Amino acid sequence: MAKRKIIEIDRKKCNGCGLCTTACAEGALVLDKENKAVLVKEIFCDGMGACLDVCPVDALRIVERDSAEYDAKAAYDHVLKTQGADAAEKVHGA
């Protein structure tokens, strides 16, 4: 593991709107059973923060911490499986 930029979610602030999940081309964010944003897998988060600007309650921020490296191929495969080929083409670095 190495230090890198990655999303951090403040669950207390998250209102479950889901805007971050659609803003993330890598499919790194989903809503859990409590209707709160969660990171699917660290390797799916590219750390670029496309989700930040859409969050209406400021529940997301980029932090630098030890984490597994972003894996564009894994993110692409994940999005291809969950959202289809058109969405997968938008994955950063794929």
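A. Quick look at the pattern of salt bridges. Under the criterion given, the structure shown has five salt bridges. For R11, the salt bridge is made with D32, and the minimal N-O distance between the two is 2.8 Å. Separated by 21 residues along the polypeptide, R11 in the loop between β1 (2-9) and α1 (19-23) and D32 in the loop between β2 (29-31) and β3 (37-39) bring together distant segments of the chain. Across the pair E42 and R65 runs a salt bridge, and its minimum N-O distance is 3.0 Å. Of this pair, E42 sits in the loop between β3 and β4 (60-67) while R65 sits in strand β4, and the two are 23 residues apart along the sequence. Taking relative accessible area as the criterion, E42 reaches 26% and is therefore assigned partly exposed. Connected via shared salt-bridge partners are R11, D32 and E34.

B. Main features of empty space enclosed by the protein. Applying the stated criterion across every chain yields a total of one cavity of 30 Å³ or more. Of the volumes computed, that of the largest cavity is approximately 80 Å³. What lines the largest cavity is a set of 14 residues, and nearest its centre among them are C14, C17, C20, A37 and C55. The residue makeup of the lining of the largest cavity, split by class, is 11 nonpolar, three polar and no charged.

C. Seen up close, helix α2 (residues 72-83). Between the first and last C-alpha of α2 there are 15 Å, a value that for 12 residues agrees with the 16 Å anticipated at 1.5 Å per step. Residues A72, A74, A75, H78 and V79 constitute the buried set of α2. End-on view of α2: buried residues confined to an arc of 160°, all on one side of the axis. Within α2, the exposed residues directed more than 90 degrees away from the buried face are K73 and K81. Packing partners of the buried residues in α2 comprise α3 (85-88). A distance of 3.1 Å separates the backbone nitrogen of K73 from a side-chain oxygen at the start of α2, and that oxygen is part of D71. One or two positions beyond α2, positive phi appears at G84, with a value near 100°.

Scoring rules and cut-offs
- Residues numbered from 1 in each chain as written.
- Predicted model: local features only at pLDDT ≥ 70, side-chain atom pairs only at ≥ 80, totals over all residues.
- Heavy atoms only, no water.
- Salt bridge = Lys/Arg side-chain N within 4 Å of Asp/Glu carboxyl O.
- Helix = DSSP H or I, 4+ residues; strand = E, 2+ residues; numbered from the N terminus.
- Buried < 20%, exposed > 50% of the residue type's maximum accessible area, 1.4 Å probe, protein only.
- 1 Å grid on protein atoms, 1.4 Å probe; cavity = no way out; pocket = protein on both sides within 12 Å on 5 of 7 lines; lining within 4 Å.
- Points joined across faces, edges and corners; volume = space filled by probe spheres on them.
- Nonpolar A, V, L, I, M, F, W, Y, C, P; charged D, E, K, R; others polar.
- Expected span 1.5 Å × (residues − 1).
- Arc of directions from axis to C-beta.
- Contact = heavy atoms within 4.5 Å.
- Polar contact = N/O pair within 3.5 Å; in protein donor to acceptor, adjacent residues only side chain to side chain.

Such coordinate-based values are descriptive only and should not be taken to indicate function.
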